[in-house]
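Observations on the three-dimensional arrangement
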Amino acid sequence: MTTVTSKPEISVSGLYVDSVHKQFRLRDGTEFTALKNISLNLEDNQIGVLLGPSGCGKSTLLRMIAGLESIEEGTIRLNGRVIRGAGADRAMVFQSYSSFPWLSVRDNVAFGLKGRGEALSLREGVVDYYIDAVKLTAFANAYPHQLSGGMQQRVAIARTLASNPELLLMDEPFGALDPETRWQMQALLLDIVRKEKTTVLMVSHDIEEALYLGDVIFFMGTKPGRVCDVIRPNIERNGQDRDALLELDRYRELEREIRAKMRSQALELVA
Amino acid sequence: MTTVTSKPEISVSGLYVDSVHKQFRLRDGTEFTALKNISLNLEDNQIGVLLGPSGCGKSTLLRMIAGLESIEEGTIRLNGRVIRGAGADRAMVFQSYSSFPWLSVRDNVAFGLKGRGEALSLREGVVDYYIDAVKLTAFANAYPHQLSGGMQQRVAIARTLASNPELLLMDEPFGALDPETRWQMQALLLDIVRKEKTTVLMVSHDIEEALYLGDVIFFMGTKPGRVCDVIRPNIERNGQDRDALLELDRYRELEREIRAKMRSQALELVA
Amino acid sequence: MTTATEKSKPPRFGNAVLMGRLSTFGLGLLGWLFFLGAWYWAAEADIAPDRLFPGPDTVIASLYELLVEKNFAADIWASTKRILTSFAIAIAIALPLGLLMGALKVVDRVLSPLAGAFRYLPAPAFIPLLLMWLGTGEAQKIALLVIGVIFFLIIMIADTTRQVPKVFLETAKTLGLPNYKILWSVIFRYSLPAYIDLFRQMLAVSWTYLVIAEIVAATDGIGAMMMRAKRFVHVDDIMAGILVIGILGLLFDALFRLLHRLAFPYLHQR
Amino acid sequence: MTTATEKSKPPRFGNAVLMGRLSTFGLGLLGWLFFLGAWYWAAEADIAPDRLFPGPDTVIASLYELLVEKNFAADIWASTKRILTSFAIAIAIALPLGLLMGALKVVDRVLSPLAGAFRYLPAPAFIPLLLMWLGTGEAQKIALLVIGVIFFLIIMIADTTRQVPKVFLETAKTLGLPNYKILWSVIFRYSLPAYIDLFRQMLAVSWTYLVIAEIVAATDGIGAMMMRAKRFVHVDDIMAGILVIGILGLLFDALFRLLHRLAFPYLHQR
Amino acid sequence: SEPVKLSLFSWPGYGFWFIAKEKGLTEGLELDISIIEDPYQSFGLMTAGALHATSSTAEYGPIAADKDVGIKLVTYTNPSYGTDKIILAPGITAAEQLKGETVAVLEGGLTQIFMAEWLTDNGVDISEVNFTNLIMDDAVGAMVGGTAAAAEFWEPFGSQVLEAMPEATVAADSTQEKYITTALLGDALYMATEFLESRPEDAAKLTRAYFNAVDFWKANPTEGNKIIAKGLNFNVADVEQVLGKDGEILKGGIFVFDRKQAAIFMGLKPGTLPLNIASDGMKAHWDITTDWWLKFGFIDKRMPMEAGVDTTPLAKAL
Ligand SMILES: Nc1ncnc2c1ncn2[C@@H]1O[C@H](COP(=O)(O)OP(=O)(O)OP(=O)(O)O)[C@@H](O)[C@H]1O
Ligand SMILES: Nc1ncnc2c1ncn2[C@@H]1O[C@H](COP(=O)(O)OP(=O)(O)OP(=O)(O)O)[C@@H](O)[C@H]1O
Ligand SMILES: [Mg+2]
Ligand SMILES: [Mg+2]
């Protein structure tokens, strides 16, 4: 028991982030602590949301899990395996539209499978299945520039799901969309996750989104980036209409609570 | 009385948009109706909010008022004068950060005054006053790249106010900011508008923002772009804490109402 | 006070798109006509003897004579072949190098200082070495054209390659693609339209080197014709050669633009 | 199972920034050393007679001799002066034209087809006319260098100018600035760093034309020295000239980069 | 055997090689002819073994000898008889007036020596004028543009200048006794030293081939001129302007030596030459050019003629 936060017993399935630190070396040579002693745990088939003020390191943490940033201190495990570098077991959906403009919707969705050398015959069914799941069957042969922003994000989600990752990482996937499209996308995501039994860790700025989607909300603080609170909304979403949800007492109470936390953090920073 | 929507009597002060149409010619030569028969009226010293789904022509309307798009059908009047082309009486704050990166905060704020040839001695006081108003006095000599996004938007607002426009136009000015900064900026804006007695017409996607800031909300619909509803929240904001405001019955009722409208419009479009 | 006159509605034409194209073309033509007029006037006014500064009419007449009587078409074809061959070779070498430099920092750091310096080397200074190694034939001329353009190409291809948005690279990475596949299916593919644009611009540089390349061990080609013409102070023929080079250049420019439009519709349909 | 070895923590050095710089430099040096080695080896191996393909050692020795005994420094200075003068003139003409072309559609449509075609013109073909009009002195050499670079400059300046984000233009417009002021305080000012970068790149093209310019009515300059050396088949001197051009080129490149860094800190501090 | 690579620049006087090749006058030697406009390029290639022979103007011998360039003058081939002229710009009537003025010459070429001799003879020292180095193609522009007060031209450049500037005057030309008797202005055949040493028989055959071509041309001037024009891509009229139509000495053009005349001039045979050209004149020519190259600083020391001239192939070709 050398470190305080190390956990001797670790269940095999799910995501475990253990005592992760991240420092960036700035241009002037000084070190900047972006993440300090982050530990968190996300179980299988759950949606985790990283919520927190700008600059608290949400993207950095997600990128470390994805293998896009080096892990120098601490360990990250997915289903028991220690993460080192990027891998197809964790796929990422970015905020900016990342559909390849030179590929049709179908080819975009097939991209990961093809790139990893899967046979065409195996690919086709999978690709069509996920295009259908994001409701783009009619646009399978269209090109990204012919699609709206929401449709492009759906392509990105289908592409990511098609490569069958154990963990789906999303960095503010709906941040660039207008509210209506955003609501539609949230509903679609919930639907897919339920059907596909995927584990999702996503970043959000938006309290409503976090409460609506999250099974677990990791509320982060800044300077240095850290997890301040773990909130399990436990709101029964099944079959609930979204508007009805917003009226629930439990929901309103949580919203007020988180809002107050964010506000007090913001004030703290100004002071 | 040739047109149905023409108003024979027009009070002199305030913004009058009268029967405005806008068509864009697309690449393939067809015409696309972006705005259809828009008429609206914003009184002096009020904040008007254009709220509506993506693509309903909010930006287009704002740009026509600013003089950045030609007006081919209909008339727009500001304080009695018919608008033709851009002018310093209407200044605009854009969503994307538009501070000139090569100028210090002070020079950015002085930009419009200097460009119009105002004497240095007259300029200085005005510039300092508005830098102070947006709480950037400590950063007067900093450059935009040294500021956060919220601070950059404050520079843009100060710059716009410094040129003393009769109408302040803002196209989703806080859309790119994170929620905390956004709240701060909203409060700041309210504060300034109250002090400066400015008329503001702003575009927003966000119901909360519209309700919090707007004296009048023009609720727009799409395909073709049109004003569907004019809502006057009449919420007494003076001195109210924001969180308390959110709990008001009147507020919650309006929010629900607008949300339902947006939702039904979105569904209409899908169908 | 809302009267019809206040609604300033300009008259509309039947097909504004076509009108737009016509006016673009018309203005371009205007520029050319102005230039030709100035040239004609300058040639008529006695700034220089006619023989040394012929007007556009004389030059066109000479061009006609060259084509009809002196088999100039064969020269043009020889030059075009040289340009295209040399440019293809230059691309074949520069593209892999530039791509690797743009994609891999190590390669960049090793090669950048070299390519950066070589860019400055005056191609004509290589003529003696090229003649020695490659003889007086086609190879030597093509090599000179390659040298004239290749270092610029390498540097600019590397620059272009660096522009690939990180999000595409990271997407491919998290989808499990190995690096060599990312190089091809993302980095190369994303940059392709920009490469084509680059090639269009650098081809112009190749044309400017043609004259230098064809003077050495001249046999055929536009440059060789101009060299011969110089021997006998036939400035009209020289100018006809210049004219043909300009026209060919514009032609290839237009071809590249067309190719760009056809191959990358997604960049043109917004 | 959380053991210390799993936390893969690489060793850290005292000053990583310095280490990074050193490794960049080191890799660049490696590239050069490799090149020099290959050159030396090729010269030693009998691919070509020593006299025609001297190794780097011989070339450096020649350069030393040129500098010490033959007043080569004066030649270098003469060439540098020519390059700078001609480039300044080219900028003085190309900048206003390119700026206007980039900012105003009408100007663009009139001038673009002209400048587009002129870009292809082989500068050497203008030598007879330049000699006639400008004589054999400095003016003629400088004019040739100007012609070699100016049309490319115009086209590229116009391209750069078109990149100004609309939001800056519209901001200035709604702040009530007249168009001519927007041209200067926004369009020009925004594009300035990109212009400087462009100048850096195009100066390289100027250097490649130096040899051509200085061969005509050669008196002094690096090109004239190389011309003289050719007469006596002193390939080592020719290569020393090439070397000096390369070094000068890199030097100016570095100067431009430094200027960019100092004048536009806001583009380098992110 | 291996083909012989030779070069020339576009000038009718060097066109005989095309006749030799086309008419098969080479005794089986294969000729690989390139047109290389810059003679120094050719000299460089010869030292590299990439070229075996070249036809050029007759002044490079002393330079090659002094600078240790592996090239030898094998035979003088023809004097200029009027094709070279010194032309003065309008308004200039005497050499005196050139003091301080710009004079265009090809530095390191015979034309520079021609100009220098003429100036000296007319009481102007070479240090009193500004020589500017221009190849002939470019000198026309400089002269017409008024930059050069005087210049040396060969045909067709001379007549171009006179046509463009009718008031310009010819101050001297190569028909004048002083220049023609010494054969100061003229052309020569050079071969690479290495070639001379390793393939002496081919060198002799090559020399023979040249004079066979001259013989053919003298016998069939019309056909000869046509072949030359085709080889150089010139008009026949341009060729005739330099070589004439009848295979004889052309006043205003050049005097093409046959092998016997060449041998006399090179000192291999006794005899007399037309136009009072000195027999065994090569020695004097070597001395005059050496004198001037020393004065102009192009060479550092006087070399014996044997260091730059090798008459062995010519002797074998007789
Ligand atoms: N490569 C890097 N080098 C230096 N600092 C970095 C780097 N990447 C991120 N940072 C810093 O680390 C901190 C966390 O950044 P991160 O992007 O993870 O925040 P975030 O929570 O995603 O913010 P946002 O909500 O604005 O996206 C920030 O202060 C950022 O400036
Ligand atoms: N210059 C243009 N040419 C053609 N169509 C245009 C042009 N500008 C806007 N449009 C179209 O007009 C409609 C309204 O656009 P506008 O940008 O005003 O919408 P908006 O309400 O501001 O949307 P958002 O909320 O996404 O900003 C859109 O369908 C858009 O595609
Ligand atoms: Mg982030
Ligand atoms: Mg908008």
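Residues numbered from 1 in each chain as written. Chains lettered and ligands numbered in written order. Predicted model: local features only at pLDDT ≥ 70, side-chain atom pairs only at ≥ 80, totals over all residues. Heavy atoms only, no water.

1. Here's the deal with the site of ligand 1
Residue and element names in this part refer to chain A. Basically, it comes down to this: Each residue is tested against the molecule or strand, and it is near if at least one of its non-hydrogen atoms lies within 4 Å. What qualifies as a polar contact is a pair of N or O atoms within 3.5 Å, subject to a donor-acceptor requirement within protein and to the restriction that residues adjacent in sequence count only when both atoms come from side chains. All accessibility values rest on the Shrake-Rupley procedure with a 1.4 Å probe; residue burial counts only the protein chains present in the view. A run of H or I in DSSP counts as a helix once it spans at least four residues, and a run of E counts as a strand once it spans at least two, with each numbered from the N terminus. Gly is put with the polar residues, along with every residue not named as nonpolar or charged; the nonpolar set is Ala, Val, Leu, Ile, Met, Phe, Trp, Tyr, Cys and Pro, and the charged set is Asp, Glu, Lys and Arg.
Neighbouring ligand 1 are 13 residues, the closest being S54, G55, K58, S59 and T60. Here S54 contributes a side-chain N or O atom positioned 2.6 Å from an oxygen atom of ligand 1. Out of a free accessible area of 630 Å², ligand 1 has 63% covered by protein chains. Contributing elements (two or more residues each) for the shell around ligand 1: β2 (31-42) and α1 (58-66). Ranked by the residues each element gives to the shell around ligand 1, the list is headed by α1, at 3 residues. Residue composition of the shell around ligand 1, grouped by class: 5 nonpolar, 6 polar and 2 charged.

2. Some thoughts on the packing of helix α5 (residues 127-134) of chain D against helix α5 (residues 136-144) of chain E
So the rule is basically this: As a rule, the C-alpha atoms of each element are fitted with a line to give its axis, helices using only the stretch in contact, and angles between N-to-C directions run from 0 to 180 degrees. Any angle from 65 to 115 degrees is called roughly perpendicular, while one under 35 is roughly parallel, one over 145 is roughly antiparallel, and all others are oblique. Working rule for handedness: look at the near helix, and if it is turned counterclockwise from the far one by less than a right angle, call the crossing left-handed; if clockwise, right-handed. Contacts between residues were defined by any pair of non-hydrogen atoms, one from each residue, lying within 4.5 Å.
Where α5 of chain D contacts α5 of chain E, the axes come no closer than 6 Å and their chain directions differ by 30 degrees. In terms of orientation, α5 of chain D and α5 of chain E fall into the roughly parallel class. For α5 of chain D against α5 of chain E, the interelement crossing comes out right-handed. For the pair formed by α5 of chain D and α5 of chain E, the contact residues are I127, P128, L131 and M132 of chain D on the first element and D138, G141, A142 and V144 of chain E on the second.

3. What to know about the relation of the copies chain D and chain C
Note the cut-off: Our superposition of the copies is a least-squares fit, built on the C-alpha atoms of residues whose pLDDT is at least 70 in both.
Screw-axis analysis of chain D against chain C gives a translation of 0.0 Å along the axis, an RMSD of 0.1 Å, and a rotation angle of 180 degrees. What the rotation and shift describe, once combined, is the action of a two-fold rotation axis.

4. Re the site of ligand 2
All names here are of chain B. In the region of ligand 2, 14 residues are neighbours, and S54, G55, K58, S59 and T60 sit closest. G55 is positioned with one of its backbone polar atoms (N or O) 2.8 Å from an oxygen atom of ligand 2. About the coverage of ligand 2: the protein hides 63% of its 630 Å² of free accessible area. Among the secondary structure elements, those contributing two or more residues to the shell around ligand 2 are β2 (31-42) and α1 (58-66). When residues in the shell around ligand 2 are grouped by element, the largest group, 3 residues, is from α1.

5. Overview of the arrangement of the chains
Most contacts, compared over the 8 pairs of chains touching, are made between chains C and D. Left apart from each other, chain B and chain E have a closest C-alpha approach of 49 Å.

6. A few points about unusual backbone geometry
Across the chain, the bulk of peptide bonds are trans and the bulk of non-glycine residues have phi less than zero. Cis geometry is adopted by the peptide bond preceding P224 of chain A, which originates at K223 of chain A and carries an omega value of -5 degrees. Among the secondary structure elements, P224 of chain A is positioned in the loop between β9 (216-221) and β10 (226-231). Located in the positive-phi region is K197 of chain B, a residue other than glycine, with phi close to 55 degrees. On the secondary structure map, K197 of chain B appears in the loop between α5 (179-196) and β8 (199-204). Although it is not a glycine, N71 of chain C adopts a positive phi angle of roughly 55 degrees.

7. Quick word on the UniProt feature "transmembrane region" (unreviewed entry) in chain C
Residues and elements named next belong to chain C. Definition in use: UniProt positions are given in the numbering used here, feature names are shortened, and annotations may be inferred rather than shown by experiment.
Here, the residues flagged by UniProt with the feature "transmembrane region" (unreviewed entry) are residues 21-42, 83-104, 116-136, 142-161, 206-226 and 238-259. Between the C-alpha atoms that bound residues 83-104 there is a distance of 31 Å. The span itself is 95% helix and 0% strand. Between the C-alpha atoms that bound residues 116-136 the distance is 29 Å, and the span itself is 52% helix and 0% strand.

8. A look at the interface of chain D and chain C
We apply this condition: Two parts placed together each lose some accessible area under a 1.4 Å probe, and the buried area is that loss summed for both. The salt bridge criterion pairs a side-chain nitrogen of Lys or Arg with a carboxyl oxygen of Asp or Glu, the two atoms within 4 Å.
Facing 49 residues of chain D, the contacting portion of chain C comprises 49 residues. Buried surface at the junction of chain D and chain C, summed over both partners, amounts to about 4500 Å²; 78% is from carbon and sulfur atoms. Broken down residue by residue, the surface that chain D buries against chain C is led by R109, Y120 and T208 of chain D, which jointly contribute 16%. Here chain D and chain C share 2 salt bridges between them. Two residues, D253 of chain C and R119 of chain D, come together in a salt bridge whose shortest N-O distance is 3.4 Å. Counting across the interface, chain D meets chain C through 10 residue pairs in polar contact (both at pLDDT 80 or more). Where the side of chain D that touches chain C is concerned, the elements lending two or more residues are α1 (16-44), α4 (105-118), α5, α6 (138-161), α8 (179-215) and α10 (235-263) of chain D. Considering only residue class, the side of chain D that touches chain C consists of 36 nonpolar, 9 polar and 4 charged.

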